[in-house]
Amino acid sequence: MRRAFIGRAFFVALVLSLTIGQSPALARHHTHYVHKAPQQEANVLRARLANGLRVIIIKNTLAPVVATSVNYLVGSDEAPDGFPGTAHALEHMMFRGSQGLSADQLASLGSIMGGEFNANTREALTQYLYTVPSEDLDVALHIEALRMRDVVSSEADWAKERGAIEQEVAQDMSAPGYKLYERLRTELFAGTPYEHDALGSRPTFDKTSGAMLKDFHDKWYTPNNAILVIAGNVDPDVALGKVKALFGDIKPHALPGRPKMTFKPVKPTIFTIDSDAANFTRVIAMRFPGLKSKDFAALEVLSDVLSSRRFALFDLVAEGKALGVSFSLQPLKEASIAYAAVSYAPGADGNVLEASVRSILEKVVKEGVPPELVEAAKIQERRDTERQKNSIADLASVWSDAVALYGLKSPDADLQRIEKVTVADVNRVAREYLKLDASVSGLLLPKGSGKAVASASSGGKETFNLGEAKPTELPDWAKTAVNRLAVPETALKPVVSILPNGLRLIVQPVNVSDTVAVFGHIRNRAEMQAPAGKDGVATLLGALFTFGTESHDRLAFETALDALGAEERAGVDFSLQVLAQDLEPGTALLAEHELHPALPEVALNAIKPQFAQSVESRNHTPGYLAQRALIEQLYPASDPSLRQASGATVISTTLADVKAYYKAVFRPDMTTIVVIGNVTPERARAAIEKTFGGWTAEGPKPVVDLPEAPANKPGGFAVPDTARVQDNVVLAHNLALTRADPDYYALQLGNQVLGGGFYSARLSVDLRKNAGLVYSVGSSLQAGRTRGYYSVHYASDPENVSKAAGIIVQNLKGMQEKPVPQEELDRVKAMVLRQLPLGEDSVEQIARGYLDRADLDLPLDEPSIAAKHYVELKAPEIQAAFAKWLRPDDLVRVTQGPAPQ
């Protein structure tokens, strides 16, 4: 099933919106629900309560984790005229408390449970999401039932939350990709609610009142306008019983009317948006039918075909004419956005590229699509449907989209209708809807940046009144469930072996789907291994993996993958995802690609000019200059991390350089492979040994660890970025701390006091909840084999940069001066202990965790070891570690955006 989004590969930080709707028939008959008996399918339980609440429970035993998604069928489409962000504003206020649950209690519970505690607003859907340990399902359901009944939306609370949501608006309006997306919507959907997404605007939020938001809740947040999806390791009958007890007596009521959509003809339009990216991006967008259309399944297949690497659009990349190209479909209920996007480096002729894209699409209209790509798209959809079971959170999300967004019974229903699509269907919808003469063209135009200039470091000397972490009395129904400080058990039992060539193999059987995944990592570091004057060789090598193998050219290799429905990637990080029956042929293709890439010289010569121009342009972008300024402040001039590729180093790199780098880096004795899924250790080892066992390496292992570094001095730099209306801010200092240091755990637990747990973390309480200075703030402790760093990152209006930095510094010093109160420490401990099972709620997350630990020479069960440390740690030990390692007065501050104040 299509997970709809707007080309993230091209639009960095683009805010994405989906829509979801309710059928008119259901809306008209909302007051006539009667209780329906649960319907039982394989691992699925369905019910409709007497008040109209639809409930779907999907059992998945991957980990002791459950995900809940409360889907209210209302969003920006139903917002009052002139107030497009009303649904989004209410979503924010739902975290400010309800009758029987204060904002502080909600924040504490959200952090204690340790999982995802989030929400999102779309055009006709607002979702409230939890991913928590299975034993905390009762707590999550209690919270959602109280929030369905009521919201506290006082003018005082809204005044504080308005500051945070307006920071979110500023954050998105600082992203050129988002501005391009909004302009596309304006041109394609003028005069309809689709003209804007759900974000809202500062002027309309300034006119919004708390009473308006309460009224919106009372009108739309009702059980007969909601679908509750529960996915995870639960007993469906027991879970349904809890739902009935908590939601069953919430009274339904009649719903207001919904807006009608009347679309005007699309006028061809060309526009430009200034960008702070390195490369140009052109978008050709068209209005397609929406999810209600009988043609939508055929349009899904058409989109898959046009985005295939075997389709003619990708030839633009393979021939070195473009850096990237895609075709995507964003489904909305009444209409959809279809667009082709092409990115290219400065110096390339964008007009010629756009003409090429149009010519390719016009040929499809006239001649149709390659029939073999239609079948390949179907095979991919079959595999994707099975893979949805490999993540508990994703499973809840996919089911929510299927039943609410797509109006289907299940994700399988989407596959069933796609299976019925014929080549003739795809060609017909291409002729009917690929209307290039009624398209909108947008261009993201790189503007570069001025040089970084010295500015203040980490805030002035002003003292601020910080919010204190006060004990929060929890509701009776939550006390027993959350007051647990025990090390969670894990069901994972990896089987580890070392092949004769030094390759480390980790096998983890997981039987939740009929799939197997292979994830691999080669320990490497380009700044330590690239020859002098050849910076950029790693990037060129990565790009050349696109061109097939010594045995199969690019198209032949992609055809072989499509025959299996395999998703494959080669490089220093490589992966394969296939149905279990195809493990052996899939692994053979992966090994062929990883060990015997074609690396054709004609391809290298084709892509080098674009890559050289792109690297040279990147070196002048605000984002890169900000990153560069930070590294220059943290490390001495001779540090390898300060090596920089340029257009000249890319152009000077020869095929011999690329092959030599490949030979030096790609070694079995630096490689770890994880095989995970429906497979036995014996079968997995046989497959890997057969395909990777002959891989050899020459000479001693390379040194890839960065050198130790002296403590940095305080400093500050401001990087101007005219594309942003808000400053992106990083405060950081380096650390001599390594991952093996015993103090790591005390620092990490203390860091969670500052930056973990959403509203209840100290930085979030002070900067967002109480002051409204930022939309989000995060802190990070990073420690590797030889060194580390500590950082805090946030985004704020220019006039608030120094004030926010001052609050952060005070918080850091507060951790050094006073021990964390016991109640606060116990809450944070409960949170991090619950994160252990949550780290096992997806197949990929399990595999990536193994690879990360192997890279750091940590035991594979290190999370359990860490949990024992966290249970035993005392507040004075955390205070001592912060006093020893943290240097608040040495923080470097780097801003990107308008001049900070």
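Throughout, residues of each chain are indexed from 1 in the direction in which the sequence is written. Note on the predicted model: pLDDT of at least 70 is required for a residue's local features to be given, and 80 or more for side-chain atom pairs to be given and counted; whole-chain, interface and lining totals, by contrast, use all residues. The basis for every side-chain value is the complete set of non-hydrogen atoms in the structure, without hydrogens or water.

*Asks:* Pulling in residues and values, what's your account of the overall build of the chain?
*Replies:* Strands here are runs of E lasting at least two residues and helices are runs of H or I lasting at least four, both read from the DSSP assignment and numbered beginning at the N terminus. Helix and strand content of the chain: 33 helices and 26 strands. The reference for a compact globule is 2.2 Å times residues^0.38; the radius of gyration itself is calculated from the C-alpha atoms. Taken against the 2.2 N^0.38 rule, which gives 29 Å for 901 residues, the C-alpha radius of gyration of the chain at 27 Å falls within 12% of a compact globule. Considered along the principal axes of its C-alpha atoms, the chain spans approximately 70 × 70 × 55 Å. Counting only residues that meet the buried cut, the chain has 60% of its 901 residues in that class. Residue contacts follow a heavy-atom distance rule, with two residues in contact if any of their heavy atoms lie within 4.5 Å. Taking as baseline every contact in the chain between residues at least 6 positions apart, the subset at least 24 positions apart corresponds to 84%. Exposure was quantified through the Shrake-Rupley algorithm and a 1.4 Å probe, taking into account, for residues, occlusion by the shown protein chains and nothing else. Of the roughly 34000 Å² of accessible surface on the chain, 52% is carried by carbon and sulfur atoms. When a residue's accessible area, from a 1.4 Å probe over protein chains only, is under 20% of the maximum for its type it is buried; when over 50% it is exposed; and in between it is partly exposed.

*Asks:* Let's hear about the pairing of strand E21 (residues 671-677): which residues, and what values?
*Replies:* Of all 7 residues in E21, 7 are buried, a share of seventy percent or more. Burial along E21 is two-sided: the face carrying Thr671, Ile673, Val675 and Gly677 and the face carrying Thr672, Val674 and Ile676 are both buried. DSSP bridges decide pairing: two strands pair if at least two such bridges lie between them. Alignment of strand E17 (residues 504-509) against E21, held across 6 bridges, turns out to be parallel. Residue Ile506 lies in a different strand from E21, and its bridge partner there is Val674. Direction of pairing for strand E18 (residues 515-522) relative to E21: antiparallel, over a ladder of 7 bridges.

*Asks:* Give a detailed account of the packing of aromatic side chains, specifying residues and quantitative values.
*Replies:* Geometry of aromatic contacts follows a simple scheme: Phe, Tyr and Trp rings, the Trp one being its six-membered ring, pair when their centres are within 6.5 Å, and the pair is stacked under 30 degrees between planes, edge-to-face over 60, tilted otherwise. By the definition in use, this model includes 20 aromatic pairs. In this structure an aromatic cluster arises from ring pairing among Tyr72, Phe95, Phe117, Tyr128, Tyr130 and Tyr221. The ring of Phe83 is capped by Lys207, whose NZ or CZ atom sits 5.7 Å from the centre of that ring. We call a charge positioned over a ring when the NZ of a Lys or the CZ of an Arg lies within 6 Å of the ring centre and within 35 degrees of the ring normal. Here the guanidinium or amino end of Arg739 rests over the ring plane of Tyr744, the centre of that ring lying 3.9 Å away.

*Asks:* Explain unusual backbone geometry to me, and be specific about the residues and the numbers.
*Replies:* For Asn43, which is not glycine, the phi torsion reads 60 degrees and is therefore positive. Looking at where Asn43 falls in the secondary structure, it is placed in the loop between strand E1 (36-41) and strand E2 (44-48). Unusually for a residue other than glycine, Asp857 sits at a positive phi of about 60 degrees. Here Asp857 lies in the loop between helix H31 (843-855) and helix H32 (862-872). Exposure remark for Asp857: the relative accessible area of 57% places this residue in the exposed category.

*Asks:* Describe the sheet that holds E17, with residues and values.
*Replies:* Taking strand neighbours across the sheet as the criterion, the 6 strands line up as E16-E17-E21-E18-E20-E19 in an open arrangement whose pairing is mixed. Two strands in the sheet have a free side with no partner beyond their single neighbour: strand E16 (495-498) and strand E19 (567-569). On average, each strand axis in the sheet is inclined to that of its neighbour by 15 degrees, with strand direction left out of account. Where E18 meets strand E20 (residues 573-579), 7 bridges bridge the pair, whose relative direction is antiparallel. Its bridge partner lying in E20, Gly520 is registered against Phe574. Note on method: axes are straight lines fitted to C-alpha atoms, helices fitted across the in-contact stretch only, with angles between N-to-C directions ranging 0 to 180 degrees.

*Asks:* How would you summarise the packing of helix H13 (residues 371-387) against helix H20 (residues 554-564) if you had to cite specific residues and measurements?
*Replies:* Interaxial distance between H13 and H20 falls to 8 Å at its minimum, and their mutual angle equals 50 degrees. Of the possible angle classes, the one that applies to H13 and H20 is oblique. Along its contact with H13, which presents Ala376, Ile379 and Gln380, the element H20 presents Asp562, Ala563 and Leu564. Roughly parallel means an angle under 35 degrees; roughly antiparallel, over 145; roughly perpendicular, 65 to 115; everything else is oblique.

*Asks:* Give a description of the packing of helix H3 (residues 103-112) against helix H30 (residues 822-838) that names residues and reports values.
*Replies:* It is at 7 Å that the axes of H3 and H30 come closest, and there the two elements cross at 40 degrees. In terms of axis orientation, H3 runs oblique to H30. Contacts from Ser108, Ser111 and Ile112 in H3 reach Arg827, Ala830, Met831 and Arg834 in H30. Residue composition of the contact of H3 with H30, grouped by class: 3 nonpolar, 2 polar and 2 charged. All residues other than Ala, Val, Leu, Ile, Met, Phe, Trp, Tyr, Cys, Pro, Asp, Glu, Lys and Arg, Gly among them, are scored as polar; the first ten of these are nonpolar and the last four charged.

*Asks:* Hey, could you go over the sheet that holds strand E13 (residues 335-344) for me, with residue numbers and the actual values?
*Replies:* Pairing in this open sheet of 5 strands is mixed, and the strands run E10-E14-E11-E13-E12 from one edge to the other. The open sheet has two edge strands, strand E10 (269-275) and strand E12 (324-330), and neither has a second partner. Averaged over all pairs of adjacent strands, the angle between their axes in this sheet comes to 20 degrees, without regard to strand direction. In this sheet, strand E14 (residues 440-446) lies alongside E10 in parallel orientation, the contact comprising 7 bridges. Bridge pairing in E14 places Phe271 opposite Gly442. Across the sheet, helix H6 (residues 176-188) is in contact with E10, strand E11 (280-289), E12, E13 and E14; its angle to E10 comes to roughly 165 degrees.

*Asks:* Before we move on, can you summarise H13 with the specific residues and values?
*Replies:* At 3.6 residues per turn, the α-helix brings residues three or four places apart onto the same side. When the terminal C-alpha atoms of H13 are compared, their 25 Å separation across 17 residues agrees well with the 24 Å that a helix rising 1.5 Å per residue should span. Restricting attention to buried positions, one finds in H13 the residues Leu373, Val374, Ala376, Ala377, Lys378, Ile379, Gln380, Glu381, Arg383, Thr385 and Glu386. One less than the number of residues in a helix, times 1.5 Å, gives the span that helix is expected to have.

*Asks:* Give a detailed account of the pattern of salt bridges, specifying residues and quantitative values.
*Replies:* Definition used for salt bridges: Asp or Glu carboxyl oxygen within 4 Å of a side-chain nitrogen of Lys or Arg. As enumerated under the stated definition, the model contains 54 salt bridges in all. Where Lys884 meets Asp743, a salt bridge forms, and the shortest distance between an N and an O atom there is 3.2 Å. Of this pair, Lys884 sits in helix H33 (residues 875-885) while Asp743 sits in the loop between strand E23 (727-735) and helix H27 (744-755), and the two are 141 residues apart along the sequence. Close ionic contact of Arg785 with Asp857 constitutes a salt bridge, the shortest N to O distance being 3.0 Å. On the criterion of sequence distance, the pair formed by Arg785 in the loop between strand E24 (777-783) and strand E25 (788-796) and Asp857 in the loop between H31 and H32 is long-range, its members being 72 residues apart. Under the relative-accessibility criterion, Arg785 is labelled partly exposed at 29%.

*Asks:* Which residues make up the pairing of E25, and what values do they have?
*Replies:* Taking burial as the measure, the 9 residues of E25 include 7 buried ones, the bulk of the element. Pairing analysis gives 9 bridges linking E23 to E25, with the strands arranged antiparallel. Counted as the bridge partner of Asp727 is Ser796 from E25. In this sheet, E25 lies alongside E24 in antiparallel orientation, the contact comprising 7 bridges. Within the sheet, the bridge partner assigned to Gly778 lies in E25 and is His793.

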